[in-house]
Amino acid sequence: MATDDVPGSVGTSASFSLRLGQAIFSSASLLFMSLGVEFYSYTAFCYLVTIMGLVIPWSATLAIVDGYSVLVKCPMRQPGILLIIVIGDWVLSILTLAAACSTASVVDLLLHTDNSYCPPKFCSRYQISSAMAFLTWFLSMASALFNLWLLPSL
């Protein structure tokens, strides 16, 4: 398969859309988690904030690179740079999934205990934050798979 036939690989408009979606969803996840002033009381919530803090600049930077590549119609195809992007995507994708799962499980635990440890206002924000983290993971995994698919053809 030719490198131009892989939608979602670095330097394509589909990749730009995936990266923009990652940046938007991870920013939303961070925003909803940070609106509650008590997120630092739970390690899983702190972990989500940390990972989203890593995903936002990674996705935004690669969205800028993809946007530039689409505008100048010159996709980036250097194997060394693509390998770094693939490794970064896979690492951040796994970390994002771990953060989303841990946050969702802690929120579920807080909601289903006999004593309410989480006010409904905060718990709903934490649930939305977790949902946004799962959407970030989905887009991140898609980017990782598309770029991994492109890597052997270079």
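Scroll up for the structure.
Residues numbered from 1 in each chain as written. Predicted model: local features only at pLDDT ≥ 70, side-chain atom pairs only at ≥ 80, totals over all residues. Heavy atoms only, no water.

Asks: Can you lay out the environment of Gly11 for me, pointing to particular residues and giving the numbers?
Replies: Relative to the assigned elements, Gly11 resides in the segment before helix H1 (13-35). C-alpha separation for the pair Gly11 and Ala63, spaced 52 residues apart in sequence, amounts to 9.0 Å. (Helix = DSSP H or I, 4+ residues; strand = E, 2+ residues; numbered from the N terminus.)

Asks: I'd like a description of unusual backbone geometry, backed by residues and values.
Replies: A negative phi holds for most residues other than glycine; trans holds for most peptide bonds. Phi is positive for Lys73, which is not a glycine, with a value near 55 degrees. Structurally, Lys73 can be placed in the loop between helix H2 (43-72) and helix H3 (79-111).

Asks: Before we move on, can you summarise H2 with the specific residues and values?
Replies: Here H2 contains 30 residues, and its C-alpha end-to-end distance of 44 Å stays within 8% of the 44 Å for a straight helix at 1.5 Å per residue. At the C-terminal side of H2, Lys73 shows a positive phi close to 55 degrees. (Expected span 1.5 Å × (residues − 1).)

Asks: Outline the packing of aromatic side chains, supporting the account with residue identities and numerical values.
Replies: Taken as a whole, this structure holds 2 aromatic pairs when the rule is applied. Taken together, a centroid distance of 5.3 Å and an interplanar angle of 65 degrees make the contact between Tyr42 and Phe45 edge-to-face. Overall, the relative accessible area of 27% leaves Tyr42 in the partly exposed class. For Phe45, a relative accessible area of 0% corresponds to the buried category. Taking 4.5 Å as the distance between ring centres and 45 degrees as the angle between the ring planes, the aromatic pair formed by Phe45 and Tyr126 counts as tilted. Taken together, the residues Phe45 in helix H2 and Tyr126 in helix H4 (residues 120-150) connect sequence positions 81 residues apart. Taken together, the ring pairs in this structure connect Tyr42, Phe45 and Tyr126 into an aromatic cluster. (Phe/Tyr/Trp six-rings, centres within 6.5 Å; stacked < 30°, edge-to-face > 60°. Buried < 20%, exposed > 50% of the residue type's maximum accessible area, 1.4 Å probe, protein only.)

Asks: Explain empty space enclosed by the protein to me, and be specific about the residues and the numbers.
Replies: Following the criterion strictly, the structure yields 2 cavities of 30 Å³ or more and no others. One number sums up the size of the largest cavity: a volume of about 40 Å³. For the largest cavity, the full set of lining residues is Gln22, Val55, Trp58, Ser59, Asp89, Leu92, Thr96, Thr136 and Ser140. Listing elements by their share of the lining of the largest cavity, those giving two or more residues are H2, H3 and H4. Taken together, the residues of the lining of the largest cavity break down into 3 nonpolar, 5 polar and 1 charged. As a volume, the second largest cavity reaches approximately 30 Å³. (1 Å grid on protein atoms, 1.4 Å probe; cavity = no way out; pocket = protein on both sides within 12 Å on 5 of 7 lines; lining within 4 Å. Points joined across faces, edges and corners; volume = space filled by probe spheres on them. Nonpolar A, V, L, I, M, F, W, Y, C, P; charged D, E, K, R; others polar.)

Asks: Which residues make up the environment of Met132, and what values do they have?
Replies: Secondary-structure assignment places Met132 in helix H4. Between the C-alpha atom of Met132 and that of Leu30, which follows or precedes it by 102 residues, the distance is 8.8 Å. Not counting the four nearest positions on each side in its chain, Met132 is found in contact with Phe25, Ala28 and Ser29. (Contact = heavy atoms within 4.5 Å.)

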